[in-house]
Amino acid sequence: MRCWIALHISTPTEAPPSAHPVLDAAALQQAAASLALGLTPRVALVDEAVLMDVTGSLRLFGGLARLMQLLAQRLAAFLDENGLQTEIRRAQGATSLIALGRLRQQAEGGAAAAKKRVAELPMHTLTAARPHLGVLERIGCRTWDDLLRLPRDGVARRFGAELLQALDRARGSVPDDYEWLLLPEHFEEKLELNALVTHAPALMAGVERLLVQLHAWLLGRQSGLSALKITWHLDKRRDVPPTGELEVRTAQPAQDLRHVARLVAEHLAQQKLPAPVHSLTLRSLATEPLADAAAATGSLLMEARKQGDSAVELVERLSARLGDARVRAWQPCADHRPELMQRWVPARGVMPSVSAQLHPVRPGRKRSKAASNADGCPPPEARAEALYPAWLLSEPIKLATAGNNPVYQGPLRRLAGPQRLEAAEWLLAGSEAARSAGLSEKPRALRDYFIYRTRQGGLLWVYSERLGATPEGARQRAWYLHGFFA
Amino acid sequence: MLSPTPAARVLPDFANAHVWRAGELGGGSVQAIATGYAALDAVLPGGGWPRGALIELLQPQAGVHEWGLVAPALAALQARARELTVLVGAPWLPFGPALGARSLDMRRLLSIEGRPGDAPSLLWATREALQCADVHSVLAWLPDARSAHLRRLQIAAHAHHKLLMVFRPLRAQPESSPAPLRLRLEGMADETGSLQVDVFKRRGPPLAEPLQLDTRPARLAAFLAASRERARRQREEAGVPTPLLLPSLVSLPLASPQSPIHALLDRIAHLDPH
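Basis of the calculations
- Residues numbered from 1 in each chain as written.
- Chains lettered and ligands numbered in written order.
- Predicted model: local features only at pLDDT ≥ 70, side-chain atom pairs only at ≥ 80, totals over all residues.
- Heavy atoms only, no water.
- Helix = DSSP H or I, 4+ residues; strand = E, 2+ residues; numbered from the N terminus.
- Buried < 20%, exposed > 50% of the residue type's maximum accessible area, 1.4 Å probe, protein only.
- Contact = heavy atoms within 4.5 Å.
- Areas by Shrake-Rupley, 256 points an atom, 1.4 Å probe, with all protein chains shown as cover.
- Pairing = 2+ DSSP bridges.
- Axes fitted to C-alpha atoms, helices over the stretch in contact; angles between N-to-C directions.
- Core = buried A, V, L, I, M, F, W, Y, C linked by side-chain atoms within 4.5 Å.
- Salt bridge = Lys/Arg side-chain N within 4 Å of Asp/Glu carboxyl O.
- Buried area = accessible area lost by both parts, 1.4 Å probe.
- Polar contact = N/O pair within 3.5 Å; in protein donor to acceptor, adjacent residues only side chain to side chain.
- Nonpolar A, V, L, I, M, F, W, Y, C, P; charged D, E, K, R; others polar.
- Phe/Tyr/Trp six-rings, centres within 6.5 Å; stacked < 30°, edge-to-face > 60°.
- Lys NZ or Arg CZ within 6 Å of the ring centre and 35° of its normal.
- Expected span 1.5 Å × (residues − 1).
- Bend = angle between axes of the 7 residues up to and from the residue.
- pLDDT = per-residue confidence, 0-100.

## A closer look at the overall build of chain B
Per the secondary structure count, chain B includes nine helices and 11 strands. In chain B, which comprises 274 residues, the share counted as buried stands at 50%. If you take every contact in chain B between residues at least 6 apart in sequence, the share linking residues at least 24 apart comes to 67%. Split by element, the accessible area of chain B, about 12,700 Å² in all, is 59% carbon and sulfur.

## Concerning the overall build of chain A
When its secondary structure is counted, chain A shows 16 helices and 16 strands. Across the 486 residues that make up chain A, the buried fraction comes to 47%. Taking as baseline every contact in chain A between residues at least 6 positions apart, the subset at least 24 positions apart corresponds to 65%. For chain A, the computed accessible surface area is about 24,900 Å², with 52% contributed by carbon and sulfur atoms.

## Some remarks on the sheet that holds strand β4 (residues 87–93) of chain A
All names here are of chain A. Reading across the sheet, the four strands line up as β2-β3-β1-β4 and stay open at both edges, with antiparallel pairing between neighbours. If you trace the sheet from one side to the other, it starts and ends with β2 (43–46) and β4, each paired once. Going across the sheet, the axis of each strand differs from the next one's by a mean of 20 degrees, ignoring polarity. Pairing between strand β1 (residues 4–10) and strand β3 (residues 49–53): four bridges, direction antiparallel. If you follow Trp4 over to β3, its bridge partner there is Asp53. The sheet contacts of helix α1 (residues 25–36) involve β1, β2 and β3, and relative to β2 the element is tilted by about 160 degrees. Where helix α3 (residues 64–81) meets the sheet, its contacts fall on β1, β3 and β4, and the angle it forms with β1 comes to roughly 20 degrees.

## What about the nonpolar core?
Counting 64 residues, the largest nonpolar core has Met52, Phe78, Leu203, Val207, Leu214 and Trp232 of chain A as the members making the most contacts within it. Other than its neighbours up to four places away in sequence, Phe78 of chain A contacts Ala31, Leu35, Leu84, Val212, His215, Ala216 and Leu219 of chain A. If you look at the next biggest cluster of nonpolar residues, it comprises 53 residues, including Trp391, Leu460 and Val462 of chain A together with Val70 of chain B.

## Focus on the pattern of salt bridges
All names here are of chain A. Here the structure, examined in full by the defined rule, presents 30 salt bridges over all chains. Across the salt bridge formed by Arg2 and Asp53, the nearest N and O atoms sit 2.9 Å from each other. One end of the pair, Arg2, is in the segment before β1; the other, Asp53, is in strand β3, with 51 residues separating them in the sequence. Take Arg2: its relative accessible area is 41%, and that puts it in the partly exposed class. When its relative accessible area of 2% is taken as the criterion, Asp53 is described as buried.

## As for the interface of chain A and chain B
Across the contact, 63 residues belong to chain A and 65 residues belong to chain B. Taken over both partners, the interface formed by chain A and chain B buries close to 6,100 Å², and the fraction arising from carbon and sulfur atoms is 61%. With a closest N to O distance of 2.3 Å, Arg328 of chain A and Glu113 of chain B form a salt bridge. At the boundary of chain A with chain B, the tally comes to 13 residue pairs in polar contact (both at pLDDT 80 or more). Of all elements in the fold, only α12 (311–322), β9 (327–332), β10 (342–346), α13 (351–358), β11 (391–402), β13 (413–423), β14 (445–453) and β16 (479–485) of chain A reach the threshold of two or more residues within the side of chain A that touches chain B. Sort the elements by how many residues they give to the side of chain A that touches chain B and α12 of chain A lands first, with seven residues. Taken together, the residues of the side of chain A that touches chain B sort by class into 37 nonpolar, 11 polar and 15 charged. Pairing of β11 of chain A with strand β5 (residues 93–94) of chain B, which is carried by two bridges, proceeds in the antiparallel orientation. Across the sheet, the residue bridging to Trp391 of chain A is Pro94 of chain B, located in β5 of chain B.

## Side note on the packing of aromatic side chains
For the structure on display, the rule yields 18 aromatic pairs over all chains. Arranged with centres 5.7 Å apart and planes meeting at 85 degrees, the rings of Tyr388 of chain A and Trp461 of chain A form a pair that is edge-to-face. In this pair, Tyr388 of chain A sits in the loop between α14 (365–374) and β11 while Trp461 of chain A sits in strand β15 (residues 459–465), placing the two residues 73 residues apart along the sequence. A single burial state applies to Tyr388 of chain A and to Trp461 of chain A, both of which are buried. Among the aromatic residues, those joined into a ring-pair cluster are Trp391, Tyr408 and Phe484 of chain A together with Trp67, Trp92, Trp141 and Phe167 of chain B. Against the face of Phe159 of chain A rests Arg158 of chain A, its NZ or CZ located 5.4 Å from the ring centre. One residue, Arg321 of chain A, lies across the ring of Trp124 of chain B, its end atom 3.9 Å from the ring centre.

## Some words on α12 of chain A
Residues and elements named next belong to chain A. Taking 1.5 Å of rise per residue, 12 residues should cover 16 Å, and α12 covers 16 Å from first to last C-alpha, within 8% of that figure. With 11 of 12 residues buried, α12 is to be regarded as a mostly interior element. Within α12 the residues assigned to the buried category are Ala311, Val312, Glu313, Leu314, Val315, Glu316, Arg317, Leu318, Ser319, Ala320 and Leu322. Looking one or two residues past α12, Gly323 carries a phi angle of roughly 100 degrees, positive in sign.

## Focus: helix α4 (residues 66–80) of chain B
Residue and element names in this part refer to chain B. Given a rise of 1.5 Å per residue, 15 residues ought to cover 21 Å, and the 21 Å separating the end C-alpha atoms of α4 matches this to within 8%. Along α4, the sharpest kink reaches roughly 30 degrees, centred on Pro72. The set of residues buried in α4 consists of Glu66, Trp67, Gly68, Leu69, Val70, Ala71, Ala73, Leu74, Ala75, Leu77 and Gln78.

## Section: the confidence of the model for chain B
Residues and elements named next belong to chain B. Overall, the prediction assigns chain B a mean pLDDT of 80, with 80% of residues at 70 or greater. Mean pLDDT across the secondary structure elements of chain B bottoms out at helix α9 (residues 260–265), with 42, and peaks at strand β8 (residues 163–169), with 93. Here the predicted complex carries an ipTM of 0.78, next to a pTM of 0.73.

## Remarks on the sheet that holds strand β11 (residues 211–213) of chain B
Spatial strand order, β10(A)-β9(A)-β6(B)-β4(B)-β7(B)-β8(B)-β3(B)-β9(B)-β10(B)-β11(B): 10 strands in an open sheet with mixed pairing. Edge positions in the sheet fall to β10 of chain A together with β11 of chain B, since each of these pairs with one other strand and no more. Taking the axes of each pair of neighbouring strands and ignoring which way they run, one obtains an average angle of 25 degrees across the sheet. Pairing geometry for strand β3 (residues 53–59) of chain B and β8 of chain B, over seven bridges, is parallel. Paired with Leu58 of chain B across the two strands is Arg168 of chain B, which belongs to β8 of chain B. Packed onto the sheet, helix α6 (residues 119–131) of chain B meets β4 (84–88), β6 (109–112), β7 (135–141) and β8 of chain B and runs at close to 165 degrees relative to β7 of chain B.

## Remarks on unusual backbone geometry
With a phi angle near 55 degrees, Gln222 of chain A is a residue other than glycine that sits in the positive phi range. Counting through the fold element by element, Gln222 of chain A comes out in the loop between α9 (204–221) and β6 (223–234). Phi at His161 of chain B takes a positive value of approximately 60 degrees, unusual for a residue other than glycine. When you line up the elements, His161 of chain B lands in the loop between α7 (147–160) and β8.

## Let's talk about the side chain of Thr281 of chain A
Residue and element names in this part refer to chain A. With respect to the element layout, Thr281 can be found in strand β8 (residues 277–289). A polar contact is formed between the side chain of Thr281 and the side chain of His233, at a distance of 2.8 Å. What Thr281 contacts, discounting residues up to four positions off in sequence, is Glu188, Glu189, Lys190, Leu210, Lys229, Ile230, Thr231 and His233.

## Description of the side chain of Gln213 of chain A
Its location among the elements puts Gln213 of chain A in helix α9. Those residues in contact with Gln213 of chain A that sit more than four places away from it in its chain are Leu23, Ala27, Phe187 and Glu189 of chain A.

Written as structure tokens, this is what we have:
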């Protein structure tokens, strides 16, 4: 015996006005169908309802009751996440038309009516009977049973073959087949805006409506989004390019689009619209299948996740507003010149390595680290790096001089030095760091480093360019401030 | 002398644990991270830097004393959890090798740069960092922050239970602040170069006198002492009675406002037991 579920989802007519996007009926139906695809591949859109053949999935999900519960949970979670207020009705039957008939009956008579026997379903719940309702009523056919009692050839002559076929399908004597719903490979949806929009952040309302549909599509395909493109179509009467577009990428493929929505909002806030916008298109550029998509969406374990965003989301959001160059992570380099020992690179580009630091893959890592420490590595405090300053100036500041001494916020007192640093060309021939940092054009460094103390008690790291061993060279020494001990 | 016993007798034990008498050091329920300096731990409520509260550090000049004071606690935090430390609006670029020598893992550090005149976005970045689950501490240099801004940061730090330190200039001391812990940092201009720390607002009585902390790395201190010794010996060998370099400036008095009024304005008046 087969098992069908009919599902109907609608926006309540007397819904209170809310800040969240409101979808039209077709979009809601499409979203519900996408979610239903997570439970069975046999989903069809028929009239106002979503029909699902769950016969093959019953055993996997542990029976009809469990499956219905799961469907309700997923729908509720999806609607809740997107802030939608809807009414959901669902009915179940042995054939698709019985399920649909019960669903329609339920809309009129409440939950009790759905329990009616199949033979007692009223005539108008059968779509094929709708053109002939008046005649059927007058000849006394009010329920499906009444029509089945009439002679078949007479019914076929009077009402056409479609009605008989529909009845046969409802009774299960002919195959119950539909064109099954397939989700497209790429999501692409266009939205006509209610009014012309001249201010880029105001496009966000439209984008949010599209993102809800995208979310349902992702759930149906059981994949996560990693890049999308938003295109807006400008008023053609202006002398400007007809469209503008925005690409948003995220490092972790996500099904929950709240992070993506915030990223889009940050990017839109920086956009300037040359002309009013009348419509929007949202297209998914790259998606990745999520292995445990079912677990990630329907599971109660979701609640066990840590509160707050992940580091990747933080960096993406900061970079979106401040620019990549202002959010930076540290990378070591092998060089003995202080300015080339490290690089501060845009954090967005190196997030995989930063994430690897936060979530080590191998649990045995900690033990090996402790072992290597025990091997006789000096404790960090004893290393020679302790003599470097904690702050380094990216560009050394040239200091004024008083006599033979540098001056910075008052006279300075020399505490230690010189420490000589030399980087001649022949030493640097194969220096990887110099080449990658693009500093190879000034490879020579002949410096004497000193530690000076200011009048306020701070320690400065000051160097002088060694101009030559001659007395004239020593006299015109140039002093530079390169770092602060803190 | 009024003994605290009557209240202790009246209240049941569990309630007693939540009572803070203004004459004592508070913060029994605060989760704190040891600062790495025993003398400082002893005067901080809870015995260390409190988590989930705004800690305000005032200093004459940004970037002069931070790492020595903060690095031991940050290193301890990093050893405990694999999470990020975020620097917001740091005055200069931190130098990795030197901080590595202070046991900090530089690969778990993010730096968000400030631009002149862009104070609002730094405040926003600080709040965002506090909301991130993968961050355990935020150090922010916010010279232009106002009291209302700090209040929002204090609420965010409390809600997400993060270590938040805000560095501000000395001129912010007379302003009212929502931070439960405020410190003033000043370097000593003598040979030891120790750091003078005054805890001028805390849950407890005012600090009798500022602490002196030796925050320089041991190796740097030893190096400076050796250099000093060598210079002295060279002078003796050359037979020069006066120092070759500039005269010491130790005698110059520091212009530090020691007025007790500001310290008292910011707190419940200290109860003098009599």
